[in-house]
Amino acid sequence: MTVHPPVTRTTTAAEGLPRWRFTVDEIDRMTELGIFDEHERIELIGGEIVPMQSKGGPHERLRSTLNLYWARRLPDDLLFTPETTFRLSVDTFLEPDFVFYPKAGGWAGLTADTALLVVEIADSSLRYDLGRKAALYAGFGITELWVIDAVTRVTHVHRDPAPDGYRTIAVIPAGTVLVPDKMPALAVRLADLELH
């Protein structure tokens with residue numbers, strides 16, 4: 001299990017001024033109170049609230065198609081959740097397009113240690129997903145991350161996480177079969193998918 005240092009109550013913004021550092025629990029409570037809409041597109045990174053970019057048509061079509069594709073092939077011992085709030089620490093949550101994990105622990109048991117694969121689909125957010133977001137996933141020890149370009153269907157497969165990023169990143173064209181390291185039954189060739 002990953003041990004994270006205690007959270008301080010302030011963080012420093014880009015211009016160097018201190019900011020209040022929020023926790024996941026505080027964001028959950030603010031959502032309960034209606035301060036945030038439950039469908040608000042935000043992530044919490046190191047205590048800072050980060051608005052997410054809107055999703056374009058290519059992103060939504062690919063996500064919807066992959067959702068159906070993987071649901072039909074999911075082994076009995078696995079679960080996946082699309083567009084979930086993935087709580088990684090007391091002050092960080094991200095909103096991946098898909099996260100796969102063992103059925104035995106269920107959603108309540110989903111942590112960075114139990115996630116088998118995280119998938120991010122990107123159109124306007126590709127640079128962020130390949131940069132800052134991939135570094136965050138690596139820092140939390142996510143063993144496999146796919147970042148799929150929704151327009152070209154090229155996939156950046158990240159494996160072997162380290163505190164400073166992934167040691168292995170392969171760029172896979174749409175016509176090549178993608179095989180999740182721990183879930184070979186969910187292999188997919190993105191070029192073969194018929195998007196609707």
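Structure shown above.
This one's a predicted model, so the numbers in the text were calculated from it and none came from an experiment. (Residues numbered from 1 in each chain as written. Predicted model: local features only at pLDDT ≥ 70, side-chain atom pairs only at ≥ 80, totals over all residues. Heavy atoms only, no water.)

Novice: Got a sec to walk through the pairing of strand β11 (residues 155-162)? Specific residues and values, please.
Specialist: Summarising the sheet, strand β10 (residues 144-149) and β11 pair through five bridges and their orientation is antiparallel. When the bridges of β11 are listed, Val 147 appears paired with His 156. If you look at the hairpin formed by β10 and β11, you'll find five residues sitting between the two strands, and Arg 153 has a positive phi there, around 65°. Here β11 runs beside strand β12 (residues 165-172); their pairing, made up of seven bridges, is antiparallel. Its bridge partner being in β12, Ala 162 is matched across the sheet by Gly 165. Between β11 and β12, which pair antiparallel one after the other, the connecting turn spans two residues. (Pairing = 2+ DSSP bridges. Helix = DSSP H or I, 4+ residues; strand = E, 2+ residues; numbered from the N terminus.)

Novice: Account for the packing of aromatic side chains, with residues named and values stated.
Specialist: Following the criterion strictly, the structure yields six aromatic pairs and no others. Residues Trp 70 and Phe 98 carry aromatic rings whose centres are separated by 5.2 Å and whose planes lie at 90° to one another, so their mutual orientation is edge-to-face. Of the two residues, Trp 70 is situated in helix α2 (residues 57-73) and Phe 98 in strand β8 (residues 98-102); the sequence distance between them amounts to 28 residues. Across this residue pair, the class does not change: Trp 70 and Phe 98 are buried. Three or more aromatic residues link up through ring pairs in this structure, and these residues are Trp 70, Phe 80, Phe 98, Phe 100 and Trp 146. (Phe/Tyr/Trp six-rings, centres within 6.5 Å; stacked < 30°, edge-to-face > 60°. Buried < 20%, exposed > 50% of the residue type's maximum accessible area, 1.4 Å probe, protein only.)

Without other data, these values stay purely geometric and don't point to any function.
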